[in-house]
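The lines below spell out each chain.
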Amino acid sequence: SQNNAKVAVLGASGGIGQPLSLLLKNSPLVSRLSLYDIAHTPGVAADLSHIETRAQVKGFLGPEQLPECLKGCNVVVIPAGVPRKPGMTRDDLFNTNASIVANLTSACAKHCPEAMICIISNPVNSTIPITSEIFKKHGVYNPNKIFGVTTLDIVRANTFVAELKGLDPARVSVPVIGGHAGKTIIPLISQCTPKVDFPQDQLQKLTGRIQEAGTEVVQAKAGAGSATLSMAYAGARFVFSLVDAMNGKEGVIECSFVRSEETESPYFSTPLLLGKNGIEKNLGLGKISPFEEKMIAEAMSELKASIKKGEEFAKNFK
């Protein structure tokens, strides 16, 4: 593989942006790392540039330097935005983060229309529809290249199942489908490898913990932020999978919130086979249990409302 990925991180000085940039700098897959934010990026870039790996790091500051940051990038990761505080839902972030994502993706559509766009900024259930609509406005929309990063839900599911069963978490794989907020997060424990069984009450408790794990961190941090370190890890994991697939590695599968025909919801996360041009094949829901089927049905109205909210916002965005 050519291992020459040029990756941009938009929101690189923030709580997720800094550890994410560190993990990307540490990877042999990345040859150029462009860091963008509205404050502190020269410092973050100078700091990371001293690390003895071959990725060349450059920092870009403020909207006037954004076009230069994006030029020639293959992958753009966007963790920019405000984090949750205790008592907030991901949807409470909408007003601030919707504008940030619309502005940044607008710049991507202009300056790197062919790049893979990976959105971390919450609420993902709305920011992905916003990204799609912005790309449509610029006439460069490709649904196979726009990803809502839900990997943290999978990472958490793997960890929690491994804890309960005394397994090595690195060997546990639980697909998580649906969306990326509360009850739209649907872990398919029935499809876990290795196969695991839980009594119904334990299954319900485990599912609830996976769905509310973000809130667990928000509360534990007591106002000092949300899940930043585990999110940076999950974001990097997704980017590495994507770059591996772009480099021609076969059989790379990750779940992600994308444009979808798999359910009645126009966007939905399912396992995806990744390839040189992004989504190669949507692998769909697979065989699901009655419990999981019920969760999908119950998530639909919230999911559709969040999607509609994002689309409406993008339509009126100047």
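Residues numbered from 1 in each chain as written. Predicted model: local features only at pLDDT ≥ 70, side-chain atom pairs only at ≥ 80, totals over all residues. Heavy atoms only, no water.

The protein is annotated in an unreviewed UniProt entry as Malate dehydrogenase from Nothocercus nigrocapillus. Check the Catalytic activity (unreviewed entry) section of the UniProt entry for the protein; it says "(S)-malate + NAD(+) = oxaloacetate + NADH + H(+)". (UniProt positions renumbered as here; feature names shortened; annotations may be inferred.)

**Student:** Is there a simple way to explain the overall build of the protein in this structure?
**Tutor:** Looking only at helices and strands, one finds 10 helices and 11 strands in the protein. Here the C-alpha radius of gyration of the protein, 19 Å, is about what a compact globule of 318 residues would show, namely 20 Å. Principal-axis analysis of the C-alpha atoms places the extent of the protein at approximately 55 × 45 × 40 Å. Within the protein, buried positions represent 55% of all 318 residues. Summarising the internal contacts of the protein: among those between residues at least 6 apart in sequence, 70% fall at separations of at least 24. Within the structure as shown, the protein displays about 13600 Å² of accessible surface, and the carbon and sulfur contribution to it stands at 53%. Side chains of the protein carry 33 positive and 29 negative charges; the gap between the two charge centres is 3 Å. (Helix = DSSP H or I, 4+ residues; strand = E, 2+ residues; numbered from the N terminus. Rg over C-alpha atoms; globule rule 2.2 N^0.38 Å. Buried < 20%, exposed > 50% of the residue type's maximum accessible area, 1.4 Å probe, protein only. Contact = heavy atoms within 4.5 Å. Areas by Shrake-Rupley, 256 points an atom, 1.4 Å probe, with all protein chains shown as cover. Lys, Arg positive; Asp, Glu negative; His and termini not counted. Charge placed at Lys NZ, Arg CZ, Asp CG, Glu CD.)

**Student:** Can you help me understand the environment of Asp 168 in this one?
**Tutor:** Looking at the element boundaries, Asp 168 is found in the loop between α6 (151–165) and β7 (176–178). C-alpha of Asp 168 to C-alpha of Asn 158: the two residues are 10 residues apart in sequence and 9.3 Å apart in space. Polar side-chain contacts of Asp 168 include one of 2.9 Å to the backbone nitrogen of Ala 170. (Polar contact = N/O pair within 3.5 Å; in protein donor to acceptor, adjacent residues only side chain to side chain.)

**Student:** What should I look at first to understand the environment of Lys 309 in this one?
**Tutor:** Tracing the backbone through its elements, the reader meets Lys 309 in helix α10 (residues 290–315). A sequence separation of 75 residues divides Lys 309 from Ala 234, and the C-alpha atoms of the two residues are 26 Å apart. Ignoring sequence-local partners within four residues, the contact set of Lys 309 consists of Asp 91, Phe 94 and Ser 126.

**Student:** Just to check I follow, could you spell out helix α4 (residues 94–111) for this structure?
**Tutor:** For an α-helix the count is 3.6 residues per turn, leaving residues at separations of three or four pointing the same way. Spanning 18 residues, α4 covers 25 Å between terminal C-alpha atoms, matching the ideal 26 Å at 1.5 Å per step. Along α4, the positions that sit buried rather than exposed are Phe 94, Asn 97, Ala 98, Val 101, Ala 102, Leu 104, Thr 105, Ser 106, Ala 107, Cys 108 and Ala 109. (Expected span 1.5 Å × (residues − 1).)

**Student:** Quick question: what am I supposed to make of the UniProt feature "binding site: substrate" (unreviewed entry) in the protein here?
**Tutor:** In the numbering used here, UniProt assigns the feature "binding site: substrate" (unreviewed entry) to Arg 84, Arg 90, Asn 122 and Arg 156. For Arg 90, the location among the structural elements is in the loop between β4 (75–78) and α4. Among the residues examined, Arg 90 registers a relative accessible area of 8% and is labelled buried. Residue placement: Asn 122 occurs in the loop between β5 (116–119) and α5 (124–137). For Asn 122, a relative accessible area of 16% translates into the label buried. Discounting residues that sit within four places of it in the chain, Asn 122 has contacts with Arg 90, Leu 93, Asn 97, Thr 127 and His 180.

**Student:** Hey, could you run me through the pattern of salt bridges in this one?
**Tutor:** Opposite charge on two side chains permits pairing when their charged atoms draw close. One pass over the full model with this rule turns up 11 salt bridges. One connected set of salt bridges, linked through shared partners, spans Glu 163, Arg 209 and Glu 216. (Salt bridge = Lys/Arg side-chain N within 4 Å of Asp/Glu carboxyl O.)

**Student:** What exactly am I supposed to notice about the domain arrangement of the protein here?
**Tutor:** Many authors give the size of an interface as the accessible area that is lost as the parts come together. Segmentation of the protein into domains returns domain 1 (5–148) and domain 2 (151–306). With centres defined by C-alpha atoms, the gap from domain 1 to domain 2 works out at 21 Å. Taken together, the contact between domain 1 and domain 2 spans 34 residues of the former and 43 residues of the latter. Buried area between domain 1 and domain 2, summed over both chains or domains, comes out near 3100 Å², and the portion from carbon and sulfur atoms is 70%. Remark: the boundary between domain 1 and domain 2 carries 0 salt bridges. Taken together, the connections running from domain 1 to domain 2 amount to 8 residue pairs in polar contact (both at pLDDT 80 or more). Listing elements by their share of the side of domain 1 that touches domain 2, those giving two or more residues are α1 (17–25), β4, β5, α5 and β6 (146–148). Counting residues per element, the side of domain 1 that touches domain 2 draws most heavily on α5, which supplies 6 residues. (Domains from an automatic or database assignment. Buried area = accessible area lost by both parts, 1.4 Å probe.)

**Student:** Could you clarify how one ought to interpret the nonpolar core in this entry?
**Tutor:** Most often, soluble globular proteins have nonpolar side chains that are buried together. Among the nonpolar cores identified, the biggest contains 64 residues, and Leu 10 and Val 76 are the most heavily contacted of them. Lining this core are residues from two domains, each supplying at least three of them: domain 1 (5–148) and domain 2 (151–306). In this view, Leu 10 contacts Tyr 36, Leu 66, Cys 69, Leu 70, Val 76, Val 77, Ile 78, Pro 79, Ala 80, Leu 104 and Cys 108; residues no more than four positions away in its chain are not counted. (Core = buried A, V, L, I, M, F, W, Y, C linked by side-chain atoms within 4.5 Å.)

**Student:** Could you clarify how one ought to interpret the pairing of strand β1 (residues 5–10) in this entry?
**Tutor:** Across a regular strand the side chains alternate sides, sitting on one face of the sheet and then on the other. Among the 6 residues that make up β1, 5 are buried, leaving the element largely enclosed by the rest of the structure. Alignment of β1 against strand β2 (residues 30–37), held across 6 bridges, turns out to be parallel. Directly across from Val 7, in β2, lies its bridge partner Leu 33. With respect to chirality, the unit in which β1 leads through α1 into the neighbouring parallel β2 is right-handed. (Pairing = 2+ DSSP bridges. Right-handed = clockwise from strand over helix to strand, strands pointing away.)

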